[in-house]
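# Notes for the structure review
Residue-level listing of the chains:
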Amino acid sequence: MSDDLTDDRTDGAEPIAVIGMACRVPGAPDLAGFWDNLVAGRSARTELSRERLLRAGVPAEQLDDPDFVPVGYLLDDVEDFDAGLFGLTPREAALADPQHRLFLELCHSALEHAGWDPARFPGDIGVYGGRGMETYRWQHIHANRAIMAVTDHTTIGNGNHADTFTTLASYHLNLRGPSVGVYTACSTSLVAVHTAAEALRAGECDMALAGGVSIELPADRGYLHREGAADSADGHCRPFDAAASGVVAGSGGGVVLLKRLADAVDDGDQVYAVVLGNAVNNDGAAKVGFTASGVAGQAAAVANALATAGVDPRTVTYVEASATGSALGDAIEVEALTSVYGRSRADRQWCALGSVKSNIGHLSQGAGVVGLIKTALALHHGRIPASLGYTAANPALNLHESPFYVNAALATWDTGTAPRRAAVSSFGIGGTNAHVVLQQGPNRAPAVLEPGRPQALIVSARSAAARDAAVARLADHLAAAGDPDLADVAFTLRAGRAEHPYRAAVVATGGPDVVAALRDPQRRQSGIAVANPRVVLLFDDQAPGPVGLGLYDAEPKFAAAVDGCAAAAGRDARELLADPLLAAFTAGYATARLWQSWGVRPATMLGHGVGEYVAATLTGVFDLADALRLVALHGRLVREAAGTAFTVSAAPDRLAALLPPQASIVAVDGPATCVVTGPAELLERLTEPSGRKIATRRLRTVHASPSAVTEAMLAELTNAVAAARPAAPSSPYLSCRTGLPVTADQTRDPAYWAGLLHEPVQFGPGVATALTGGATVFLECGPGRRLAGLAQMQAPKDGPAPLHSLPTDPAADLPTCYAAAAALWVHGVPLTFDGTGRRVPLPGYPYERTRHWIDPDPPAAVQIPPAATAPSTARDGAATSGTARNGTPPTGSATGAPGAAEPEVAAVLAPIWTSLLGIERIKPDDDFFAIGGTSLTAVQLVAQVRASFGVRLSMRLIFDAPTLDAMARTIEQRRAAAKAKA
């Protein structure tokens, strides 16, 4: 499709992008499972066995009722929750309504799906949503006397009130945008999407989470179908079908993350769908009753959404309907849709219809957003899932005369060069209607692939088990993805995930390599992050050859630092990295600048010999040009005074007494490791007083022999330092002459720097000093790992191993440097890597759910009081208290006896009306609906008539005979007919 979203729109509203989604619904624990089920045409309907129902407490006599439907659309793990992840105590989690907990988890999942960590998002994130009834509080918490004895009502309310539904999510996720509850019954979550979209357009927030949930409690007990009720007679939901008899309630919900489209494109977000237009309204009183649907209201909402979108209705080729499988409700909805989409059009059946309720049941407050998620996925993948249970159209829909057909099989959604467009409807009891017009997301700019470039992938969790699960899920995801762009994956993991203490990281190149690395414990770095670890940068004075060329080509910050050195020295950058005298300084300085750009703030630094010039330059003692001149001079003088050097395995104080006069200690590298210059024939035969040979090893590195350093050399170096006018350091580092923190007097004294030429380097004592500050990570900057190896001799065995930034082989620069970065992050060092990328969907957090649930007290034996005397119909036809006019108790009363005279039907029917409507005086000509009855109370009326008279009244009969007298006559007629058949 074209990237221009307004190519055929007429001044539509600002488009809003759907950049993240999350859902937990029957049969699917997450978004991927939901889409798989939709594509496969799977129903989440569960047949409940008799044994299961009995265990759930359903009475056997109810199971034997022919109208009992042993079916449910169940949500797994309702009782379980990962409380610790969200900072809740076990008691707080158990006291919270499971709907609140589910919504919190879905908000978190939607943010992760979009690749956004709220802590790093610079703007405000709003939350809009609603949930179902407060059943858990009353049936579980208040029914547990031990809990109620120790818990105040405010604490209970915090986790259960509708008022706190969205604010709890805002609090636990630290979101600072508007937090608004929405409650419009079945249309709640789509109205929440509408409200969030409008808030984004108004600038009230910069991203918004919107959705809703509903959890049926108890969920696995089936239901008793009542004639005329909304629930299905056979446990199947068949929207639009001729055999449709209603819907089945389900548990679950969803959340979407919304953002202004322009911002989403600028930020590199994956856009799954675009909200072009949205509208809400209410039917008002222009319908049969409060709970009924209204054609005019629904049509107005649809028309307003299309007008807001600024699109031709003919370009919308799929509608996700609110359809519940009700013969009457579906017909009203199709009539409303046809009145708008088919207006002034002769063509027919060009737009597909579907309803996700056929897959997962009716999720009530969560239904609308889950329908939107289904549609967004369909737009993104270019496939329309089947609406299940459809075989033949309900004739009342007149589909052949409408723009619509039911999409009964998985279909490819091909619109040619035009963008795919769809709409989603959701209509709630009480008449609040919502309609949203969607379009597929714009094409993303192609990834900038860098074949062969390694990437560091990081993963974290709150426990070792969760971390390992997250690593395994990521490996499986990348294996299934084939050859993903690792730069995007790495960016999403580091920028779009919260950081937890249990961490793992790998460095790899290409899809197969990263999968192998994630699955190989030997290649995977794992650990527990330490709070505020101290980083100590180490700088060597030797470079074996050309260094850092790989980093120079790949990392702009490293290259900029090298270029700065080259400009200061008047040299070519690549030549400088190969210079025997200046390569160590240049590479060490540039690597340190790279680490600083990634957020590493060293607690201190320590150089080895001339390496101290790097620390001094980084802290402002020397400017770059002066430092390079001094390093070059120092290096020349060292070579002029060079002697044969050996590393000797002995403590310095003991070694000094054993050395011949011609030999000198030039470096103390550890408690029992020194560097000595002197005659090779003597040092190779160095022994202890006992005669045991001391281990020595000849070095290839260049060291000045103190005996060869002349006063002229010292004077030349002293004068050069004085001319550079050294300053006090701006931040601490350790002196390699003393092994202690350097002082301002030392750095300003030229003689101090001249001493580096002929006095022993105290690197080992410097390492010991650094370790006194607490948990420490040593990081060698520059080429090689010599200093990291020396630091390892003193590092605690249970602490992090010292790291090195660069290998001696430039071809391995990137893997080595990125592996060091990964290890730093694993140890808890905060890093902010350079580079941007596109946010891509990756597996979310592996929630470690455990049971947090309050069970009600077991039912106690209850004495059932005698039935109250039913009101009867007085001489003027009004209902009054007392017995029936003939003195016979109403049917079903405790005093009724077999063979007793049947009461007058109206006398029994009147108190039923009274109990349902709360009206004490019922007249024979009162109309049930005119005096307050609704379709819902009519459903209850049908059930009570059946219980009292043993006859079935359909909803149609109720509407045809709505007065007390007419209804009583209908009942009498049906009873007589039943007797005649008998």
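All values reported here derive from a predicted model rather than from experimental measurement.

Glancing now at the overall build of the chain. If you tally the helices and strands in the chain, you get 36 helices and 34 strands. Each principal axis of the C-alpha atoms in the chain carries an extent, and together these give about 135 × 70 × 40 Å. Burial statistics for the chain: of 982 residues in total, 55% are counted as buried. Nonlocal contacts in the chain, meaning residues at least 24 apart in sequence, comprise 77% of its contacts between residues at least 6 apart. By element, 53% of the accessible surface of the chain is carried by carbon and sulfur atoms, the whole surface being about 39100 Å². Charged side chains in the chain number 79 positive and 99 negative. The centres of these two groups are separated by 3 Å.

For the rest of this paragraph, the subject is the sheet that holds strand E12 (residues 318-320). On the basis of which strands lie adjacent, the open sheet formed by 11 strands has the order E7-E6-E8-E10-E1-E11-E18-E17-E12-E13-E15 and mixed pairing. Since the sheet does not close on itself, it has two edges, and those belong to strand E7 (179-181) and strand E15 (404-406), each with one partner. Geometrically, the sheet is characterised by an average inter-axis angle of 25° between neighbouring strands, direction not taken into account. Sheet topology note: the strand E17 (residues 421-427)/strand E18 (residues 432-440) ladder contains 7 bridges and is antiparallel. Bridge pairing in E18 links Ala423 to Val437.

Here helix H15 (residues 367-381) spans 21 Å end to end across 15 residues, near enough to the 21 Å set by a 1.5 Å rise per residue. Burial analysis of H15 places 13 of its 15 residues in the buried class, the great majority of the element. One or two positions beyond H15, positive phi appears at Gly382, with a value near 70°.

Take the packing of aromatic side chains next. Under the counting rule described, the total for this entry stands at 18 aromatic pairs. Here the basic side chain of Arg503 rests over the ring of Trp825, its NZ or CZ set 4.5 Å away from the ring centre. The ring centre of Trp116 lies 3.3 Å from the NZ or CZ of Arg839, which sits over that ring.

Another point: the environment of Gly932. On the secondary structure map, Gly932 appears in the loop between helix H33 (905-917) and helix H34 (935-949). The partly exposed category is assigned to Gly932, whose relative accessible area is 46%. In this structure, the C-alpha to C-alpha distance between Gly932 and Glu335, residues 597 residues apart in sequence, is 27 Å.

Two elements in contact, helix H24 (residues 624-640) and helix H27 (residues 711-724), have axes separated by 10 Å at closest approach and are oriented at 175°. Regarding the angle of H24 to H27, the classification is roughly antiparallel. The residues of H27 that touch H24, namely those facing Asp626, Leu630, Leu633, His634, Arg636, Leu637 and Glu640, are Met713, Glu716, Leu717, Ala720, Val721 and Ala724. When the residues that make up the contact of H24 with H27 are grouped by side-chain class, the tally is 8 nonpolar, 1 polar and 4 charged.

All right, on to the nonpolar core then. Formed by 121 residues in total, the largest nonpolar core has its most connected members in Phe585, Trp595, Tyr613, Phe622 and Trp753. With 10 residues, helix H32 (residues 813-827) is the single largest residue contributor to this core. Apart from residues no more than four positions distant in its own chain, Trp595 is found in contact with Val600, Leu779, Cys781, Ser805, Cys817, Ala820, Ala821 and Leu824.

With that settled, consider the environment of Glu711. With respect to the element layout, Glu711 can be found in helix H27. Taking the C-alpha atoms as reference, Glu711 lies 89 Å from Ala146; in sequence the two are 565 residues apart.

So, on to the sheet that holds strand E27 (residues 673-677). With respect to topology, 4 strands assemble into an open sheet ordered E26-E27-E25-E28, the strand pairing being antiparallel. The open sheet terminates on both sides in strands that have one partner only, identified here as strand E26 (664-670) and strand E28 (696-698). Within the sheet, the average angular offset between the axes of one strand and its neighbour, ignoring direction, is 25°. Two strands pair when backbone bridges link them, and strand E25 (residues 645-648) and E28 are joined in this way by 3 bridges, in the antiparallel orientation. Paired with Phe646 across the bridge in E28 is Arg698.

Turning our eyes to something else, we now look at the packing of helix H1 (residues 31-40) against H15. In contact at an axis separation of 11 Å, H1 and H15 are set at 75° when each is read in the N-to-C sense. One element, H1, and the other, H15, form an angle in the roughly perpendicular class. Residues Leu31, Phe34, Trp35 and Leu38 of H1 lie in contact with H15, whose contacting residues are Val370, Ile373, Lys374, Leu377, Ala378 and His381. Here the residues of the contact of H1 with H15 sort into 8 nonpolar, 1 polar and 1 charged.

Looking now at the pairing of strand E13 (residues 351-354). Neither face of E13 is open: one carries Cys351 and Leu353, the other Ala352 and Gly354, and all of them are buried. Relative to E13, E12 is paired through 3 bridges, and the arrangement is parallel. Each bridged residue has a counterpart across the sheet, and for Tyr318 the counterpart in E13 is Ala352. Note that the unit made of E12, helix H13 (residues 327-341) and E13 has a crossover that is right-handed. Here E13 pairs with E15 via 3 bridges, running parallel. The residue bridging Leu353 from the neighbouring strand is Val406, located in E15.

Its location among the elements puts Thr151 in the loop between helix H7 (145-150) and helix H8 (153-158). Judged by relative accessible area, which is 9%, Thr151 ranks as buried. At 2.8 Å, the side chain of Thr151 forms a polar contact with the backbone oxygen of Ile147. Apart from the residues within four sequence positions on either side, Thr151 is in contact with Arg91, Leu95 and Ile156.

Before going further, it helps to spend a moment on the pattern of salt bridges. When the charged atoms of two side chains lie near each other, side chains of opposite charge can form a pair. Taken as a whole and judged by the stated rule, the model has 46 salt bridges. A salt bridge links Arg120 to Glu499, with the nearest nitrogen and oxygen atoms 3.5 Å apart. Placement of the pair is Arg120 in the loop between helix H5 (98-114) and strand E6 (125-131) and Glu499 in the loop between helix H17 (486-495) and strand E20 (502-508), with a sequence separation of 379 residues. Judged by relative accessible area, Glu499 falls into the partly exposed class, the value being 36%. Of the charged contacts, one joins Arg131 and Glu134 as a salt bridge, the two residues approaching to 3.5 Å between their closest N and O atoms.

Attention now moves to helix H30 (residues 763-771). Within H30, the full set of buried residues consists of Phe763, Gly764, Gly766, Val767 and Ala770. Here the buried residues of H30 occupy an arc of 160° about the axis, which is enough to place them on one side. Elements that come into contact with the buried residues of H30 comprise strand E22 (534-539), strand E23 (604-607), E26, strand E30 (776-783) and helix H31 (786-792).

This next bit is on the confidence of the model for the chain. Overall, the prediction assigns the chain a mean pLDDT of 90, with 94% of residues at 70 or greater. Under a pLDDT of 50 for its full length, residues 1-6 has, in the predicted model, 15 contacts with residues more than four places off or in other chains. The low-confidence segment residues 861-901, where pLDDT is below 50, has 51 contacts with residues more than four positions distant or belonging to other chains.

If you walk through the whole model with that rule in mind, you get 0 disulfides. Looking at Cys205, it has no disulfide partner, and the nearest cysteine sulfur is the one in Cys107, 13 Å off. Overall, Cys205 belongs to the buried group, its relative accessible area being 1%. A disulfide-free cysteine, Cys237 has its sulfur positioned 12 Å from the sulfur of Cys186, the nearest such atom. Classification of Cys237 by relative accessible area gives buried; the value is 4%.

Of the consecutive residues Leu217 and Pro218, the connecting peptide bond is found in the cis state with omega at -15°. By secondary structure assignment, the location of Pro218 is in the loop between strand E8 (207-214) and strand E9 (223-224). Of note in this structure, Asp77 is not a glycine but carries a positive phi near 60°. Here Asp77 lies in the loop between strand E4 (71-72) and strand E5 (80-81). Residue Asp77 is classed as partly exposed on the basis of its relative accessible area, which comes to 38%. Despite not being glycine, Ala185 shows a phi value in the positive range, around 60°. For Ala185, the position within the fold is in the loop between E7 and helix H10 (188-201).

Conventions adopted
Residues numbered from 1 in each chain as written. Predicted model: local features only at pLDDT ≥ 70, side-chain atom pairs only at ≥ 80, totals over all residues. Heavy atoms only, no water. Helix = DSSP H or I, 4+ residues; strand = E, 2+ residues; numbered from the N terminus. Buried < 20%, exposed > 50% of the residue type's maximum accessible area, 1.4 Å probe, protein only. Contact = heavy atoms within 4.5 Å. Areas by Shrake-Rupley, 256 points an atom, 1.4 Å probe, with all protein chains shown as cover. Lys, Arg positive; Asp, Glu negative; His and termini not counted. Charge placed at Lys NZ, Arg CZ, Asp CG, Glu CD. Pairing = 2+ DSSP bridges. Axes fitted to C-alpha atoms, helices over the stretch in contact; angles between N-to-C directions. Expected span 1.5 Å × (residues − 1). Phe/Tyr/Trp six-rings, centres within 6.5 Å; stacked < 30°, edge-to-face > 60°. Lys NZ or Arg CZ within 6 Å of the ring centre and 35° of its normal. Parallel < 35°, antiparallel > 145°, perpendicular 65-115°, else oblique. Nonpolar A, V, L, I, M, F, W, Y, C, P; charged D, E, K, R; others polar. Core = buried A, V, L, I, M, F, W, Y, C linked by side-chain atoms within 4.5 Å. Right-handed = clockwise from strand over helix to strand, strands pointing away. Polar contact = N/O pair within 3.5 Å; in protein donor to acceptor, adjacent residues only side chain to side chain. Salt bridge = Lys/Arg side-chain N within 4 Å of Asp/Glu carboxyl O. Arc of directions from axis to C-beta. pLDDT = per-residue confidence, 0-100. Disulfide = S-S within 2.5 Å.

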